[in-house]
Amino acid sequence: MTAMTATPAAKPAKVLVPRHALVTRITHWINVLVVSLMLMSGLQIFNAHPALYWGVKSHFERPWLAMDAAERNGQPIGVTTLGGRRFVTTGLLGFSGRGDKAEPRGFPAWATVPSYRDLADGRRWHFFFAWLLVINGLVYLAMSFLNRHIPRDLWPRVWQLKPAHVWHEIVIHAKLKFPKGEEARRYNILQKGAYLGVIFILLPLMVATGLTMSPGIDAGAPWLLDLFGGRQSARSIHFISASLIVLFVIVHLIMVVASGTWNNIRSMITGRYAIEVEGEGK
């Protein structure tokens, strides 16, 4: 009998498919710069009084978050208080710097813009980039509804919202397993939820609470203070929203690297994304 020779399986071929429209790519890279500088200048403002409270007034004796310096064994240390619990955070929060430049400060110099202590300059940087963020965001929203990017690509389908499907996506992402082939063309429910949460919840919260802390805006719209429960509550919500955006960016970067760094970067530069399709490989 003649032995049958197994036919080698065809290797999937990689093809480039459209992924991101030009306006999405441009506004994305503008946001990278704007959000980075806005967050860093925001930390400069926070350092002027590195403590947060709830309510209308600052209750100095009971902040829910505070970063300050203390002394232990004759040496200065940084201490962060969160919810009544104290943590030693020397070198990062509360007390940082090297040698003669070590000093009490909320966030370290390398994390703030400008790096030196200057509340006025920090506010100028922050307000300038905050308005750039608003303008860039409005352009993105307008164009994304016109070209149907948001309703077509980001709006969840009913079947994607089923708990079983959401849990399935969480499990496979925790295992760093990512979709291939035609499935890779579409955003999954975790991506959609994260992007929509940032676009329609976190960024608007940051803008609204930022305006609430402005005395000039309060004069014309005093209801903002009532809406957020006072200036100090607005400041706390502003800080929490910014922190969640930082968390989003960290997770986003991890997923970019884990799912294919160059493929993701190329798609955000050229608009083309490589997927695998069944066919004869070379």
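Let us look at the structure shown here. (Residues numbered from 1 in each chain as written. Predicted model: local features only at pLDDT ≥ 70, side-chain atom pairs only at ≥ 80, totals over all residues. Heavy atoms only, no water.)

Quick look at the overall build of the chain now. Each helix and strand in the chain was counted, giving eight helices and eight strands. Relative to a compact globule of 282 residues, whose C-alpha radius of gyration would be 19 Å, the chain shows 24 Å and is clearly more extended. For the chain, the spread of C-alpha atoms along the three principal axes comes to 90 × 50 × 35 Å. The proportion of buried residues among the 282 residues of the chain is 35%. (Helix = DSSP H or I, 4+ residues; strand = E, 2+ residues; numbered from the N terminus. Rg over C-alpha atoms; globule rule 2.2 N^0.38 Å. Buried < 20%, exposed > 50% of the residue type's maximum accessible area, 1.4 Å probe, protein only.)

Of note, the bond from V113 into P114 is cis; its omega dihedral lies within 30 degrees of zero at -10°. Position of P114 relative to the elements: it lies in the loop between β7 (103-105) and α2 (119-146). We note that N73 has phi near 55°; this positive angle belongs to a residue other than glycine. Assignment of secondary structure puts N73 in the loop between β3 (65-72) and β4 (75-82). According to the relative accessible area criterion, N73 is exposed, its value standing at 76%.

So, on to the packing of aromatic side chains. Counted by the stated rule, this structure contains eight aromatic pairs. Judged by centre distance (5.6 Å) and plane angle (65°), the rings of F46 and F107 are edge-to-face. Taken as a pair, F46 in helix α1 (residues 22-47) and F107 in the loop between β7 and α2 lie far apart in primary sequence, 61 residues in all. Each ring, one from W54 and one from W64, has its centre 5.8 Å from the other, and the planes form 20°; the classification is stacked. Of the two residues, W54 sits in the loop between β2 (51-52) and β3 while W64 sits in the loop between β2 and β3, which places them 10 residues apart along the sequence. Feature note: the residues F46, F107 and F239 constitute an aromatic cluster, connected by ring pairs. Across the ring face of Y187, the terminal group of R19 is positioned such that the distance to the ring centre comes to 5.3 Å. (Phe/Tyr/Trp six-rings, centres within 6.5 Å; stacked < 30°, edge-to-face > 60°. Lys NZ or Arg CZ within 6 Å of the ring centre and 35° of its normal.)

A separate point is the pattern of salt bridges. The full count for this structure, using the stated rule, is seven salt bridges. As a salt-bridge pair, R152 and D153 come within 3.1 Å of each other at their nearest N and O atoms. Judged by relative accessible area, which is 44%, R152 ranks as partly exposed. One connected set of salt bridges, linked through shared partners, spans E103, R105 and R117. (Salt bridge = Lys/Arg side-chain N within 4 Å of Asp/Glu carboxyl O.)

As a further point, take helix α5 (residues 189-212). Since the α-helix turns once every 3.6 residues, residues separated by three or four places project in the same direction. For α5, which comprises 24 residues, the first-to-last C-alpha distance of 33 Å matches the rise-based estimate of 34 Å (1.5 Å per residue) to within 8%. The largest bend along α5 measures about 40° and falls at V198. Residues I189, K192, L196, G197, V198, I199, L202, M206, T209 and T212 constitute the buried set of α5. A side-chain oxygen of the first residue of α5 lies 2.9 Å from the backbone nitrogen of L190; this N-cap is N188. (Expected span 1.5 Å × (residues − 1). Bend = angle between axes of the 7 residues up to and from the residue. Polar contact = N/O pair within 3.5 Å; in protein donor to acceptor, adjacent residues only side chain to side chain.)

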